[in-house]
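For reference, the chains in residue letters:
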Amino acid sequence: MNKTKIDVMPLLFPHPTVMVGVDVNGKPDFVTVAWATIACGTPPWMAIALNRVRHSLKGVRENMVFSVNIPNTALVKETDYCGIATGAKTDKAKDCNFKVFYGEIAGAPFIEQCPVNIGCTAEHILKLGSHYLIAGPIKEILVSEDCMTYGKPDAGKIDPIVYMTYPAGTYNKVGEFLGPAFRIGKEIKDVKDDWERQLAK
Ligand SMILES: Cc1cc2nc3c(=O)[nH]c(=O)nc-3n(C[C@H](O)[C@H](O)[C@H](O)COP(=O)(O)O)c2cc1C
């Protein structure tokens, strides 16, 4: 197969699209972040990458906490707005008519309209270059009741926004079902997965 070698860049597909919440000088600011991930399973940690110029970074440093709000596709305009406007110049929560509330973590504001709200403390702020990697344990998760199935958050009901950086920078809905995770691979060879290996011990 022919391949084209391209310049190195921060390339990964697809990205989640979340709005990170922090209080800056006592006022909530929400910043759209695509570079967000689970960083550890036990204990559960999140990590986000924030550019050094972000107004919101001040809030992380101020309080050493942050929230991760997962919007649904109905909030695509608000999500984009929080990725364009800066909290240094305008009150994004007010502009977007967000109902802001706080959970257990002071300084980490939640957006009521988002079906999932995650509160984290910031244990590490690691300077990598243009961006700081901020990582810390998840302390609290709130999920809208209508987005739960059998006591678990249901991604289909949450209807999150997928972000595709290239070619044009687009927001997308989650795509089609391809197969059951941890099972369809067994059609290649019926091996035991990590969980089954632990049980067999
Ligand atoms: C789809 C999208 C994803 C973004 N992802 C990130 C990101 O992962 N990290 C980051 O620092 N900025 C990201 N940005 C840019 C910030 O959201 C944007 O600069 C914002 O206006 C900063 O707000 P603040 O100045 O209030 O912190 C993203 C913007 C958009 C539209």
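Remember, it's a predicted structure, so these values are computed and weren't measured experimentally. (Residues numbered from 1 in each chain as written. Predicted model: local features only at pLDDT ≥ 70, side-chain atom pairs only at ≥ 80, totals over all residues. Heavy atoms only, no water.)

**Student:** Hey, could you run me through the overall build of the protein chain in this one?
**Tutor:** Across its full length, the protein chain holds 5 helices and 15 strands. A principal-axis box enclosing the C-alpha atoms of the protein chain has dimensions of 55 × 45 × 35 Å. Residue burial in the protein chain is summarised as follows: out of 201 residues, 36% are buried. Approximately 12800 Å² of the protein chain is accessible, and the part contributed by carbon and sulfur atoms is 57%. (Helix = DSSP H or I, 4+ residues; strand = E, 2+ residues; numbered from the N terminus. Buried < 20%, exposed > 50% of the residue type's maximum accessible area, 1.4 Å probe, protein only. Areas by Shrake-Rupley, 256 points an atom, 1.4 Å probe, with all protein chains shown as cover.)

**Student:** Hey, could you run me through the site of the ligand in this one?
**Tutor:** Near the ligand, the surroundings consist of 23 residues, among which D29, T32, S56, A85 and T86 are the closest. Between the ligand and T32 there is a distance of 2.8 Å, counted from an oxygen atom to a backbone nitrogen or oxygen. In the environment of the ligand, an oxygen atom lies 2.8 Å from a nitrogen or oxygen atom belonging to the backbone of N51. For the ligand, the accessible surface in isolation is 650 Å², of which the surrounding protein chains cover 88%. If you list the elements that add at least two residues to the shell around the ligand, you get β3 (27-33), β5 (45-51) and α1 (55-63). Among the elements that make up the shell around the ligand, the one with the highest residue count is β3 (4 residues). Here the residues of the shell around the ligand are counted per class, giving 11 nonpolar, 8 polar and 4 charged. (Near = heavy atom within 4 Å. Polar contact = N/O pair within 3.5 Å; in protein donor to acceptor, adjacent residues only side chain to side chain. Nonpolar A, V, L, I, M, F, W, Y, C, P; charged D, E, K, R; others polar.)

**Student:** Is there a simple way to explain α1 in this structure?
**Tutor:** A turn of α-helix holds 3.6 residues, and therefore any two residues three or four places apart point the same way. Those residues of α1 that fall on the buried side of the exposure criterion are H55, S56, L57, G59 and V60. The inward-facing, buried residues of α1 contact β2 (18-24), β3, β5, β6 (65-70), β10 (124-127) and β11 (131-143). Positive phi shows up at M64, right after α1, with a value of about 55°. (Contact = heavy atoms within 4.5 Å.)

**Student:** Is there a simple way to think about the nonpolar core in this case?
**Tutor:** Ranked by size, the top nonpolar core spans 23 residues in total, and within it V20, V33, I48, L50, F66 and I134 carry the most contacts. Those elements that place two or more of their residues in this core are β2, β3, β5, α1, β6, β9 (116-121) and β11. Counting residues per element, this core draws most heavily on β2, which supplies 4 residues. Setting aside chain neighbours within four positions, we find F66 in contact with V20, G21, V22, M46, I48, A108, I118, G119, C120, T121, A122 and I134. Ranked by size, the runner-up nonpolar core spans 9 residues in total, among them M19, F30, C96 and F98. (Core = buried A, V, L, I, M, F, W, Y, C linked by side-chain atoms within 4.5 Å.)

**Student:** Hey, could you run me through the sheet that holds strand β1 (residues 15-16) in this one?
**Tutor:** Paired through backbone hydrogen bonds, the strands of a sheet run either parallel or antiparallel to each other. Across the sheet, 3 strands lie side by side as β1-β14-β15; this open sheet has antiparallel pairing. Only two strands of the sheet have a single neighbouring strand rather than two, namely β1 and β15 (170-172). The pairing of β1 with strand β14 (residues 162-164) spans 2 bridges and is classified as antiparallel. The residue of β14 that forms the bridge with P16 is V162. (Pairing = 2+ DSSP bridges.)

**Student:** Just checking my understanding: could you explain the state of the cysteines for this structure?
**Tutor:** Put plainly, a disulfide is one covalent bond tying together the sulfur atoms of two cysteines. Under the defined criterion, the tally for this structure stands at 0 disulfides. Counting only cysteine sulfurs, C82 is the nearest neighbor of C114, a cysteine outside any disulfide, at a range of 8.8 Å. Summary of cysteine pairing: C120 is not part of a disulfide, and the nearest cysteine sulfur, belonging to C40, is at 12 Å. (Disulfide = S-S within 2.5 Å.)

**Student:** Would you take a moment to explain a nonpolar patch on the surface for this structure?
**Tutor:** Residues I6, M9, L11, F13 and Y166 make up a contiguous nonpolar surface patch of roughly 460 Å² in combined accessible area. Locating I6 in the fold gives a position in the segment before β1. (Patch = residues over 30% accessible without salt bridge, like charges linked within 9 Å, V, L, I, M, F, W, Y side chains within 5 Å. Salt bridge = Lys/Arg side-chain N within 4 Å of Asp/Glu carboxyl O.)

**Student:** Looking at this structure, how should I read unusual backbone geometry?
**Tutor:** Note: most peptide bonds trans; most residues except glycine with negative phi. Note the cis peptide between T42 and P43, where omega equals 0°. The topology assignment puts P43 in the loop between β4 (36-40) and β5. Following Y166, the chain continues into P167 via a peptide bond in cis, with omega recorded as 10°. One non-glycine residue with positive phi stands out, namely N25, at about 50°. With respect to the element layout, N25 can be found in the loop between β2 and β3. Even without glycine at this site, D159 takes up a positive phi of about 60°.

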